[in-house]
Amino acid sequence: MSERPLAEPAAPLDLLDERLRRGAGLRSALTGILERIRSGDLGALPIIVGLLVIWTVFQALNPVFLSSTNLVNLLMESVSVGVIALGVVCVLLVGQIDLSVGSVSGLSAALTAVTFVEAGWPLPAAMAAAIGAGAAIGWIYAQMVTRLGVPSFVATLAGLLSFLGVQLWLLGDTGAVNLPYDSDLVHFAQLAFVPAWLSYVLVVLAAGWLFATGYTLARKRRAAGLSARSTRLLVVRSAGLLAALGFAVWYLNRARGIGWMFVCFVGLVLALNYALTRTGWGRSVFAVGGNAEAARRAGINVRRIYTGAFVLCSSLAALGGMLAAARLAAANQASGAGDVNLNAIAAAVIGGTSLFGGRGSAFAALLGILVIQSISSGLTLLDLDSSFRFIVTGLVLALAVALDSAARRSRASHGRA
Amino acid sequence: MTAVSTTGPVLSLRGVSKNFGAVAALTGVHLDVAPRQVVAIVGDNGAGKSTLVKILSGVHRPDTGSIVFGGREVTISGPADAHALGIATVFQDLALCENLDVVENLFLGRELRRGRLDEVTMELRSWELLRQLSAKIPSVRIPVASLSGGQRQTVAIARSLLGDPAVIILDEPTAALGVAQTAEVLHLIERLRDRGLGVIMISHSMEEVRAVADEVAVLRLGRNNGVFKAAEVSSQDIIAAIVGADALPHHPHRPHRGENRGDE
């Protein structure tokens, strides 16, 4: 500190190096973003562009696609797999994989239905049992990976088969259990919508919160002599969020509005985002994903971080499966089968989570599932069957990974890693 | 001028031996490091340098002999012990997370306020530390992957300083570096000495050793083979000690070796 030149009071402590070309104002923020994109640090840009392209194409093919009613449905449909994808993000971040999320979600759906409907347990107990089973499965995977050294790919592939078997055994000969329509769970997943006035309040709160946190941080940084975002930039950013969310909510409110289930999903995304970016645990997750040996030497309990990621992933898969069953008002042999598994993993990857660990964010699950669900919804509206859906989703996944690899190379050559 | 310690050694090894099965990796090794002193450990492959580093950093425990730190005998039974005592080790592979930025790497595993990270204080302290080391790192908010080898070495050394150690061990700090970066790291080692640390440096390069070290301890086949004042010894003499004095047929300047390189 004593070496800080006092003669130049204007430059913040972290911008003193003459090799740096950036300031803290609105203008330099914009040029900074452009420069970042050019160097291959694309962030969420490709997904948002991709989403716009997908929406434009489907809207041109079928004008119903962008109608309020369809978008309301689209959001509701995206929640269950989105929650599963959120868990997948966690295991991908530590550089592992869970291929069994579909089976675990199906098992959870069956377990919820069987305990709640057939055994007559109270709903909270049934739900807790399902999520507890998910957590236990994640713990078993973690033990196999960390103690026995089984690759997570194989451990979870074994789990995929075994838990599919358990699901079928639980459902018995009939192969399906219906959930009563008047239960809270089904109501939550099908009919619970946020009142219009409350949705606007939430939008204002979100924008205000974004500004407040940004402003507090900027003030603290300035007080400490570091560079900070200008207040003008913060205002513009919050106003942008306010306008975008406000429009979206207004548009959705022309139909049934926003489901509570979707709001809860967004809440989960925000919570995980906080945990990943603002806590020591999150830092450890990224460190383990980036270089597990370095993390171990830095005193991080790598085994515990792996365990946490697997437990979180399987628990979220169980929650997602439960929500899927609630949405369908039934658990059957097809719960969690078919494309659920790969959609969840694809959503995480399309959203920008690296398959090699250490890179990604909670928002990847949200953005990725919106892409996948848009494709699915658009093709359904065109009366095209699942064969096309598989093909298109597969192509988008390939495109997303190719784009990510290209961007990674560009980042490396521009020194951004 | 070579720094002369007034307080005696901060870290001493007394007759340390370590066997791996039938192989005696270290036999009765002595080593003293004083504050404000750079001790270079040199030796051929298999001389026991790595074993010595691992004993000091708590990876291995010595079979016999004792370690005296700060005037009292200590046992180092794990990396955490070494840390707690104030012995920091920077291994050759640096152990940095390339996907994390400089601040995140510096504070990895000991973040401030783990429930709600105190990024501002961490960034501020990172700058302080790097400025003290005159580190040439343009921004602490760029991923370590985009730094040069010398800058990474700087980050790794800065990280080991966060625990406020008394002794820092550098395992071949310049092995993978170019000319300019090597100079940067050697300069950094001098700064560490100026801060009052005892520095143990493993190196293969005679030039570097003579440029930066105060003392040169030679290991040969797991035994001490001479401790030299770096300012008074020629590279040839060090090499002779490394390969075994008798192996080298002649020493043209042997009688006058102190005069080859006068004190500055």
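Rules and cut-offs
- Residues numbered from 1 in each chain as written.
- Chains lettered and ligands numbered in written order.
- Predicted model: local features only at pLDDT ≥ 70, side-chain atom pairs only at ≥ 80, totals over all residues.
- Heavy atoms only, no water.
- Buried < 20%, exposed > 50% of the residue type's maximum accessible area, 1.4 Å probe, protein only.
- Helix = DSSP H or I, 4+ residues; strand = E, 2+ residues; numbered from the N terminus.
- Pairing = 2+ DSSP bridges.
- Expected span 1.5 Å × (residues − 1).
- Arc of directions from axis to C-beta.
- Contact = heavy atoms within 4.5 Å.
- Buried area = accessible area lost by both parts, 1.4 Å probe.
- Salt bridge = Lys/Arg side-chain N within 4 Å of Asp/Glu carboxyl O.
- Phe/Tyr/Trp six-rings, centres within 6.5 Å; stacked < 30°, edge-to-face > 60°.
- Core = buried A, V, L, I, M, F, W, Y, C linked by side-chain atoms within 4.5 Å.
- Axes fitted to C-alpha atoms, helices over the stretch in contact; angles between N-to-C directions.
- Left-handed = near helix turned anticlockwise from the far one by under 90°.
- Nonpolar A, V, L, I, M, F, W, Y, C, P; charged D, E, K, R; others polar.

Engineer: When you look at the pairing of strand 3 (residues 37–43) of chain B in this model, what are you seeing that I'm missing?
Structural biologist: When a strand is regular, its side chains alternate between the sheet's two faces. Residue and element names in this part refer to chain B. In terms of residue burial, strand 3 counts as a mostly covered element, since seven of its seven residues are buried. In this sheet, strand 8 (residues 198–202) lies alongside strand 3 in parallel orientation, the contact comprising five bridges. Paired with Q37 across the bridge in strand 8 is G198. Note: strand 3 against strand 9 (residues 215–220), five bridges, orientation parallel. If you follow V39 over to strand 9, its bridge partner there is E215.

Engineer: Before we go on, may I ask you to explain the pairing of strand 2 (residues 23–33) of chain B in this structure?
Structural biologist: Residue and element names in this part refer to chain B. As defined by bridge partners, strand 1 (residues 11–20) adjoins strand 2 across seven bridges and the pair is classed as antiparallel. When the bridges of strand 2 are listed, L13 appears paired with L31. Where strand 1 folds back onto strand 2 in an antiparallel hairpin, the turn is made up of two residues, including G21, whose phi is positive at roughly 60°.

Engineer: How do you make sense of helix 6 (residues 179–194) of chain B when you look at a structure like this?
Structural biologist: Three or four residues apart is the spacing at which side chains of an α-helix point the same way, because the helix has 3.6 residues per turn. All names here are of chain B. The first and last C-alpha atoms of helix 6 sit 23 Å apart over 16 residues, in line with the 22 Å expected at 1.5 Å per residue. Of all the positions in helix 6, only T182, V185, L186, L188, I189, L192 and R193 are classed as buried. Each buried residue of helix 6 sits inside an arc of 155° when the element is viewed along its axis, so together they form one side. Away from its buried face by more than 90 degrees, helix 6 exposes A180 and D194. As for helix 6, its buried residues are in contact with strand 3, helix 5 (149–161), strand 7 (167–171), strand 8 and helix 7 (206–212). Positive backbone phi, at 100°, marks G196, one or two positions downstream of helix 6.

Engineer: Can you walk me through the interface of chain B and chain A in this structure?
Structural biologist: When the parts of a complex come together, some accessible area is lost, and that lost area is often used as the size of the interface. Taken together, the 35 residues of chain B in the interface contact 35 residues of chain A. In total, about 2,900 Å² of surface goes out of reach between chain B and chain A, with carbon and sulfur atoms giving 57% of it. Across the contact surface, chain B and chain A share five salt bridges. A salt bridge links D118 of chain B to K220 of chain A; the shortest N-O distance between them is 4.0 Å.

Engineer: Explanation requested: the packing of aromatic side chains in the structure shown.
Structural biologist: The geometry of two aromatic rings is summed up by the distance between their centres and the angle between their planes. All names here are of chain A. What the rule picks out here adds up to eight aromatic pairs over all chains. Measuring from centroid to centroid gives 6.5 Å for Y141 and F310, while their planes differ by 65°, and the two rings are edge-to-face. Remark: F310 occurs in helix 13 (residues 302–328) and Y141 occurs in helix 5 (residues 123–146); sequence separation between them is 169 residues. Using a relative accessible area of 2% as the deciding quantity, one classes Y141 as buried. When the ring of F262 is compared with that of F265, the centres are 6.1 Å apart and the planes differ by 65°; the resulting orientation is edge-to-face. Of the two residues, F262 and F265 are both situated in helix 10 (residues 260–278); the distance of three residues between them amounts to about one turn of the helix.

Engineer: So what exactly am I meant to see when it comes to the nonpolar core here?
Structural biologist: What tends to happen in soluble globular proteins is that the nonpolar side chains get buried as a cluster. Residue and element names in this part refer to chain A. In this structure, F265, V288 and V371 are the most contacted members of the largest nonpolar core, which totals 107 residues. The biggest single contributor to this core is helix 3 (residues 68–93), with 17 residues. When residues no more than four places from it in sequence are discounted, the contact partners of V288 are V94, A295, I300, V302, I305 and Y306.

Engineer: How do you make sense of the sheet that holds strand 2 of chain B when you look at a structure like this?
Structural biologist: Each strand in a sheet pairs with another by means of backbone hydrogen bonds, the pair being arranged parallel or else antiparallel. Residue and element names in this part refer to chain B. With antiparallel pairing, the four strands of this open sheet are ordered in space as 2-1-4-5. The sheet terminates laterally at strand 2 and strand 5 (72–74), the two strands that pair on one side only. Between one strand axis and the next, the sheet turns by 30° as a mean value, whatever way the strands run. Alignment of strand 1 against strand 4 (residues 64–69), held across five bridges, turns out to be antiparallel. Across the sheet, L13 pairs through a bridge with I67, a residue of strand 4.

Engineer: Could you clarify how one ought to interpret the pattern of salt bridges in this entry?
Structural biologist: It is possible for side chains bearing opposite charge to pair when their charged atoms get close. On inspection of all chains with the given rule, the structure shows 17 salt bridges over all chains. Across the salt bridge formed by R297 of chain A and E293 of chain A, the nearest N and O atoms sit 3.1 Å from each other. Highlighted residues: R297 of chain A and E293 of chain A, both in helix 12 (residues 292–297), separated by four residues, approximately one helical turn. A salt bridge links E98 of chain B to R152 of chain B, with the nearest nitrogen and oxygen atoms 2.5 Å apart. Of this pair, E98 of chain B sits in the loop between strand 6 (87–90) and helix 3 (102–106) while R152 of chain B sits in helix 5; the two residues are 54 residues apart in sequence, bridging distant segments of the chain.

Engineer: Sorry if this is basic, but what is going on with the packing of helix 5 of chain A against helix 13 of chain A here?
Structural biologist: Residues and elements named next belong to chain A. Viewed as axis vectors pointing N to C, helix 5 and helix 13 meet at an angle of 145°, and their least axial separation amounts to 7 Å. As helix 5 packs across helix 13, the resulting crossing turns out to be right-handed. Partitioning the contact of helix 5 with helix 13 into residue classes produces 15 nonpolar, seven polar and one charged.

Engineer: Where do I start with unusual backbone geometry in this structure?
Structural biologist: The phi torsion of most residues other than glycine is negative, and most of the peptide bonds are trans. Residues and elements named next belong to chain B. With a phi angle near 55°, D164 is a residue other than glycine that sits in the positive phi range. Within the fold, D164 resides in the loop between helix 5 and strand 7. What makes D164 exposed here is its relative accessible area of 63%. Backbone geometry places L221, a non-glycine residue, at a positive phi of 50°. Along the chain, the position of L221 falls in the loop between strand 9 and strand 10 (223–229). Judged by its relative accessible area of 60%, L221 falls in the exposed class.

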